[in-house]
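The lines below spell out each chain.
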Amino acid sequence: MTGSYGAGGATAGGNGSRFMTQQNQWAIDAKHVIHISLSEGMDNNFPFGNSLMETIFYMWYLLENYGTNDEVTYLVNNTQMYFVPCINPDGYVYNETTNPNGGGMWRKNRRNNGGGVYGVDLNRNYSYGWGTTGTSTTPSNDTYCGPSAFSEPETQAMRWLVQNNDFEMAFNAHTYA
């Protein structure tokens with residue numbers, strides 16, 4: 001049914017529904033669907049990012065409704081879904097550490113740029129439009145795009161995932177603040 005990247009490999013039982021860290025061979029001929037969540041920002045009142053929880057809640061919805069909801073059952077049986085609830089784990093942990101009750105606004109990863117300056121905005125580290133509108137080449141800026149496109153291991157991992165799968169659709173849930 002699914003592949004889960006970034007959140008670990010939790011397995012949920014019942015009706016053959018599983019979130020796995022590797023490709024499910026039973027669905028190899030099915031059409032591919034990817035749900036990617038880029039969760040750099042944190043909600044002001046909740047210690048987990050909105051997009052992170054949106055993705056987790058959708059996964060729970062599929063698990064809880066499989067076998068009882070015809071649409072969910074059809075989707076699970078006929079698509080291969082990949083979920084990436086959090087692409088910025090070090091930035092997430094930094095927010096959780098500095099603001100355990102929520103409100104953390106750190107959006108970049110924790111790359112050491114030197115001189116006490118940290119982070120690359122992963123949303124601006126992809127190759128499309130790299131270094132153009134809405135970005136900064138100044139490492140201390142919140143929208144710093146990094147030294148080059150795909151310079152960060154997080155965006156390299158997402159590029160690898162996309163290049164090694166024949167996705168027909170992608171859904172990105174992104175929030176900030």
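See the structure above.
A. Inspection of the overall build of the protein at higher detail. Of regular secondary structure, the protein possesses four helices and six strands. Split into buried and exposed, the 177 residues of the protein put 41% on the buried side. Put simply, 58% of the contacts in the protein that link residues at least 6 apart link residues at least 24 apart. Accessible surface computed for the protein: about 9,400 Å², of which carbon and sulfur atoms make up 52%.

B. Structural view of the environment of Thr73. By secondary structure assignment, the location of Thr73 is in helix H2 (residues 70-78). Looking at Thr73, the relative accessible area reads 18%, which means it is buried. Between the C-alpha atoms of Thr73 and Leu62, which are 11 residues apart in sequence, the distance is 8.1 Å. Excluding its chain neighbours within four sequence positions, the residues that come into contact with Thr73 are Asn65, Tyr66, Gly67 and Thr68.

C. Quick peek at the packing of aromatic side chains. Summed over all chains, the structure comprises five aromatic pairs. Measuring from centroid to centroid gives 5.2 Å for Tyr94 and Trp106, while their planes differ by 65°, and the two rings are edge-to-face. Residue Tyr94 is found in helix H3 (residues 89-98), and its partner Trp106 is found in the loop between H3 and strand E4 (112-114); the two are separated by 12 residues along the sequence. Note on Tyr126 and Phe150: the rings are 5.7 Å apart at their centroids and 90° apart in plane angle, and the pair reads as edge-to-face. Remark: Phe150 occurs in the loop between strand E5 (117-118) and helix H4 (153-163) and Tyr126 occurs in the loop between E5 and H4; sequence separation between them is 24 residues.

Rules used in this analysis
Residues numbered from 1 in each chain as written. Predicted model: local features only at pLDDT ≥ 70, side-chain atom pairs only at ≥ 80, totals over all residues. Heavy atoms only, no water. Helix = DSSP H or I, 4+ residues; strand = E, 2+ residues; numbered from the N terminus. Buried < 20%, exposed > 50% of the residue type's maximum accessible area, 1.4 Å probe, protein only. Contact = heavy atoms within 4.5 Å. Areas by Shrake-Rupley, 256 points an atom, 1.4 Å probe, with all protein chains shown as cover. Phe/Tyr/Trp six-rings, centres within 6.5 Å; stacked < 30°, edge-to-face > 60°.

Just geometry here; none of it tells us what the structure is for.
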